[in-house]
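Descriptive structure summary
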Amino acid sequence: MLIRLFCAVLSYSAVLLRASADNNSKFEVAYEWNYINYTWPSAEAMSSAGYVPGEDVIAGIKIYKNVIYLALPRIKPSSRVTLASIPIDANKENPLLSPFPSWEMNSGSTCDAIQNVLSMEIDKDGIMWVLDARRVDNNTDCPPKIILLDLNDKGKIVNDFLVPDELCPRNRGCFLNDIVVDGDYAYISDTTSSDPGIFVYHRDSNSAWKARDKSMFGDPNAVRFEAQGVENEKPSHINGIALCCGETERTFFFIPQTSLHVFSISNSILKNRSIATGSNLHNFITDEGTKQGQSGGMMCDTASNIYYGILPLNAVGKWNIKKPLLTAEIVEKNDEIIRWPDSFSIYKDYLYLITNSISKFSKSGIDKSEINFRIIKLKTDTRSYIYC
């Protein structure tokens, strides 16, 4: 009896400690999942689809008109959905995801369907720019694409662009990673191991080119780091990107994942195809300095703040680009809720962030009795760079 009472006291104390930690956190947990599940049309549909609980991961987030859109890269063959949504007023715990724009478009059964999405962006007009261009898992033979969906018309396809092999070869691991939108242009981090760079897509001409430079490769001296008990041992190239506000020109920032350096370049250079693809591109790139650790995603707001994850620290950093990078600060370090800070979105004065322990997910899978995926949010009183 005394042992049971002692265990109950310990359990209750742990709950109190967790609640206290949550109360002291600057970030608030908005949603959390043990594992991902969906609004299946029927039990038979779930059974026939070959769904395996615990083999889906959330990696990208964007929000528009009170709907949260999520990207789920098909890292494992059993994954059945790669683009989904939940209403912003969904349940906090294990909300079911709805495939977007439909089950059929997520089927992957033909190359007209969406195959493998890691990230997306939504412009002022409600057009979602989708990167269906993750081809590192060999889960599809379809060519990588950039698809534009009209969120004000039930996700109708308004444009798509087949990525040329000479820019991102589908049979050699094409990996378009993250995207920012600048009017009719999109700048995309191309993390393809054999040929990293900044992929530029121009909607008006439906054409693309790639800027390449040694700064877009991972730094061999920053390859090794640990996150969620998993040791990173492989180089990873340009990953996190951010576009900030500007009066005449806008500055584009990029970071290789296995690097501490932050680099920048003017958007006018990226828009100029001859300069962006020329041999002198390095002359237009600035090394802004180093930050506190290796990072994946990042995002700029209307107050010139760049928020970025710090993977080995389970932390989020903040840098106001009007000041030197050495003035950047850690907003919060939290081993409980900031595990692999990945993708950002800003909506109605809040910064939203996906944390997904993806290094652990990819290496050994997840324990479905634990919380593995979260969307956390931070009050910033700012808007997305999209609204500059």
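A short tour of the structure in this document, coming up. Remember, predicted model here, so these are calculated numbers, not experimental data.

Quick look at the packing of aromatic side chains
In the structure shown here, the tally under the stated rule is 14 aromatic pairs. When the centroid spacing of 5.0 Å and the interplanar angle of 70° are considered together, the rings of tyrosine 69 and phenylalanine 100 count as edge-to-face. With tyrosine 69 in strand 3 (residues 67–71) and phenylalanine 100 in the loop between strand 5 (98–99) and strand 6 (119–122), the pair connects residues that are 31 residues apart, well separated along the chain. When sorted by exposure, tyrosine 69 lands in the same class as phenylalanine 100, which is buried. Each member of the aromatic cluster is reached from another via a ring pair, and the members are Tyr38, Trp40, Tyr51 and Trp103. Seen from the ring of tyrosine 350, lysine 377 lies directly overhead, with NZ or CZ sitting 4.7 Å from the centre.

Focus: unusual backbone geometry
The omega torsion across phenylalanine 100 and proline 101 is 0°, close enough to zero to call that bond cis. The phi dihedral of serine 304 is positive, around 65°, even though this residue is not glycine. Tracing the backbone shows serine 304 in the loop between strand 20 (298–300) and strand 21 (305–310). Residue class for serine 304 comes out buried when judged on its relative accessible area of 8%. The phi dihedral of aspartate 349 falls on the positive side, at around 75°, and the residue is not glycine. Inspection of the secondary structure assignment puts aspartate 349 in the loop between strand 24 (341–347) and strand 25 (350–355).

Structural notes on the layout of surface pockets
Its boundaries defined by the atoms lining it, the largest pocket holds a volume of some 1,300 Å³. Classifying every residue of the lining of the largest pocket gives 21 nonpolar, 17 polar and 10 charged. Computed from the structure, the second largest pocket encloses a volume of approximately 240 Å³. Together, 17 residues line the second largest pocket, and Ile63, Ile346, Tyr347, Ser384 and Tyr387 are the ones closest to its centre. Elements that contribute at least two residues to the lining of the second largest pocket include exactly strand 2 (60–64), strand 6 and strand 24. Considering only residue class, the lining of the second largest pocket consists of eight nonpolar, three polar and six charged.

Looking at the state of the cysteines
Overall, the coordinates contain four disulfides when judged by the stated rule. Here cysteine 111 is linked by a disulfide to cysteine 142, with a sulfur-sulfur distance of 2.1 Å. On the S-S bond that ties cysteine 111 to cysteine 142, the torsion sits near -90°, and the link is left-handed. Residue cysteine 111 is found in the loop between strand 5 and strand 6, and its partner cysteine 142 is found in the loop between strand 7 (127–132) and strand 8 (145–150); the two are separated by 31 residues along the sequence.

Focus: the sheet that holds strand 19 (residues 286–290)
Reading across the sheet, the four strands line up as 16-17-18-19 and stay open at both edges, with antiparallel pairing between neighbours. A strand with exactly one partner marks an edge of an open sheet, and here the two such strands are strand 16 (238–243) and strand 19. Put simply, the sheet's adjacent strands are angled 25° from each other on average, direction ignored. Where strand 17 (residues 251–256) lies against strand 18 (residues 261–266), four bridges are found, and the strand directions are antiparallel. Across the sheet, the residue bridging to phenylalanine 253 is serine 264, located in strand 18.

Parameters and conventions
Residues numbered from 1 in each chain as written. Predicted model: local features only at pLDDT ≥ 70, side-chain atom pairs only at ≥ 80, totals over all residues. Heavy atoms only, no water. Phe/Tyr/Trp six-rings, centres within 6.5 Å; stacked < 30°, edge-to-face > 60°. Helix = DSSP H or I, 4+ residues; strand = E, 2+ residues; numbered from the N terminus. Buried < 20%, exposed > 50% of the residue type's maximum accessible area, 1.4 Å probe, protein only. Lys NZ or Arg CZ within 6 Å of the ring centre and 35° of its normal. 1 Å grid on protein atoms, 1.4 Å probe; cavity = no way out; pocket = protein on both sides within 12 Å on 5 of 7 lines; lining within 4 Å. Points joined across faces, edges and corners; volume = space filled by probe spheres on them. Nonpolar A, V, L, I, M, F, W, Y, C, P; charged D, E, K, R; others polar. Disulfide = S-S within 2.5 Å. Pairing = 2+ DSSP bridges. Axes fitted to C-alpha atoms, helices over the stretch in contact; angles between N-to-C directions.

Keep in mind that these numbers describe shape and distance, not what the molecule does.
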